[in-house]
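# Descriptive analysis of the structure
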Amino acid sequence: MPLQGPGTQVTEQDLHLQTGAYDEVHHAHGYAHVRERHHWYWFAGLGVTAVLALAAGFVSWQVHEIAAPFCASEPGKVIRSPGGTLELNIASVSCFGAVPEQKIFIRRAGQTARGGKAVAAFGTGAKVNARWVSDEQVVISQRGGKIWFFVPRWHDVKFRYR
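As the structure is a prediction and not an experimental result, all values here were calculated from the model.

## With respect to the overall build of the chain
Counting its regular elements, the chain contains two helices and nine strands. Order of helices (α) and strands (β) in the chain, N terminus to C terminus: α-α-β-β-β-β-β-β-β-β-β. Here the chain holds 162 residues, and the buried ones make up 26% of them. For the chain, the proportion of contacts with a sequence separation of at least 24, taken over those separated by at least 6, is 34%. Element-wise, carbon and sulfur atoms account for 60% of the exposed surface of the chain, whose accessible area totals about 10,900 Å².

Here's what the structure looks like:
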């Protein structure tokens, strides 16, 4: 449709008709509804992100709880609390076939040998010692090797590192 001549006002609809960017069903930006701007790839990206976050959390849980198939452990020294309700387990752990490290796990007395929460990890060559001061306090010491992580508190139990 040709324009009417010089000096005439051109509507937005006429301009879009001339450039081919308008039809009777869709708006000028190409969407029938504003909600259509969120294409499928937005939701696919959110879904992939959620799956990756869950997978990372699962692997982290496996590593810190010594769960198979990612980690293997050799039973170590078990130290009971003075009241006998809790245990510390100093074990050698290897995850994904890597070099073993020493981890200290705390658990309720009577749990399975593989149960517990890791409260400290030390590199190879570390001589680790742990002792209960009371039912609520543990002192952990180490000679040689590196310390990889240390959790200062687990429920009511406080850990000190020397």
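## Things to note about the pairing of strand β4 (residues 117-122)
A regular strand places its side chains so that they alternate between the two faces of the sheet. With five of six residues buried, β4 is to be regarded as a mostly interior element. Bridging between strand β3 (residues 101-108) and β4 involves five bridges; their strand directions are antiparallel. Bridging across to β4, F105 finds its partner in A118. With three bridges connecting them, β4 and strand β7 (residues 147-150) associate as antiparallel partners. Counterpart to A120 in the pairing with β7 is F150.

## Digging into the sheet that holds strand β6 (residues 137-143)
Sheet architecture is open: four strands sit in the order β5-β6-β9-β8, paired in mixed fashion. Looking at which strands have only one partner, the edges of the open sheet turn out to be β5 (127-134) and β8 (153-154).

## Re unusual backbone geometry
The phi dihedral of H155 falls on the positive side, at around 50°, and the residue is not glycine. With respect to the helices and strands, the residue H155 is situated in the loop between β8 and β9 (157-161).

## With respect to the nonpolar core
L88, I104, I106, W132, I140, V157 and F159 are the most contacted members of the largest nonpolar core, which has 18 residues in total. For this core, the secondary-structure elements that each account for two or more residues are β2 (86-95), β3, β4, β5, β6 and β9. By size, the runner-up hydrophobic cluster in this structure holds six residues, among which are C71, A91, C95 and A118.

## Considering a nonpolar patch on the surface
On the surface, a nonpolar cluster with roughly 680 Å² of combined accessible area is contributed by W40, Y41, W42, F43 and L46. As for its position among the elements, L46 is in helix α2 (residues 40-64). For L46, a relative accessible area of 57% gives the class exposed.

## Description of the pattern of salt bridges
Side chains carrying opposite charge are able to pair once their charged atoms draw close together. The tally for this structure, following the rule as stated, stands at three salt bridges. We note a salt bridge from E87 to R80, for which the minimum N-O separation is 3.1 Å. Judged by relative accessible area, E87 falls into the buried class, the value being 6%. R80 sits in the partly exposed class, given a relative accessible area of 48%. Between R107 and E87 there is a salt bridge, with the nearest N and O atoms lying 2.9 Å from each other. Taken together, the residues span a long stretch of sequence, with R107 in strand β3 and E87 in strand β2 at a distance of 20 residues. With respect to burial, R107 and E87 carry one shared label: buried. Salt bridges linked by common partners bring R80, E87 and R107 together as one network.

## Thoughts on the sheet that holds β4
Strand order in the open sheet made by the five strands is β1-β2-β3-β4-β7, with antiparallel pairing throughout. Among the strands making up the open sheet, the edge pair consists of β1 (71-80) and β7. Along the sheet, successive strands turn relative to each other by an average axial angle of 25°, direction set aside.

What counts, and at which threshold
- Residues numbered from 1 in each chain as written.
- Predicted model: local features only at pLDDT ≥ 70, side-chain atom pairs only at ≥ 80, totals over all residues.
- Heavy atoms only, no water.
- Helix = DSSP H or I, 4+ residues; strand = E, 2+ residues; numbered from the N terminus.
- Buried < 20%, exposed > 50% of the residue type's maximum accessible area, 1.4 Å probe, protein only.
- Contact = heavy atoms within 4.5 Å.
- Areas by Shrake-Rupley, 256 points an atom, 1.4 Å probe, with all protein chains shown as cover.
- Pairing = 2+ DSSP bridges.
- Core = buried A, V, L, I, M, F, W, Y, C linked by side-chain atoms within 4.5 Å.
- Patch = residues over 30% accessible without salt bridge, like charges linked within 9 Å, V, L, I, M, F, W, Y side chains within 5 Å.
- Salt bridge = Lys/Arg side-chain N within 4 Å of Asp/Glu carboxyl O.
- Axes fitted to C-alpha atoms, helices over the stretch in contact; angles between N-to-C directions.

Remember, this is a structural readout, not a statement about activity or role.
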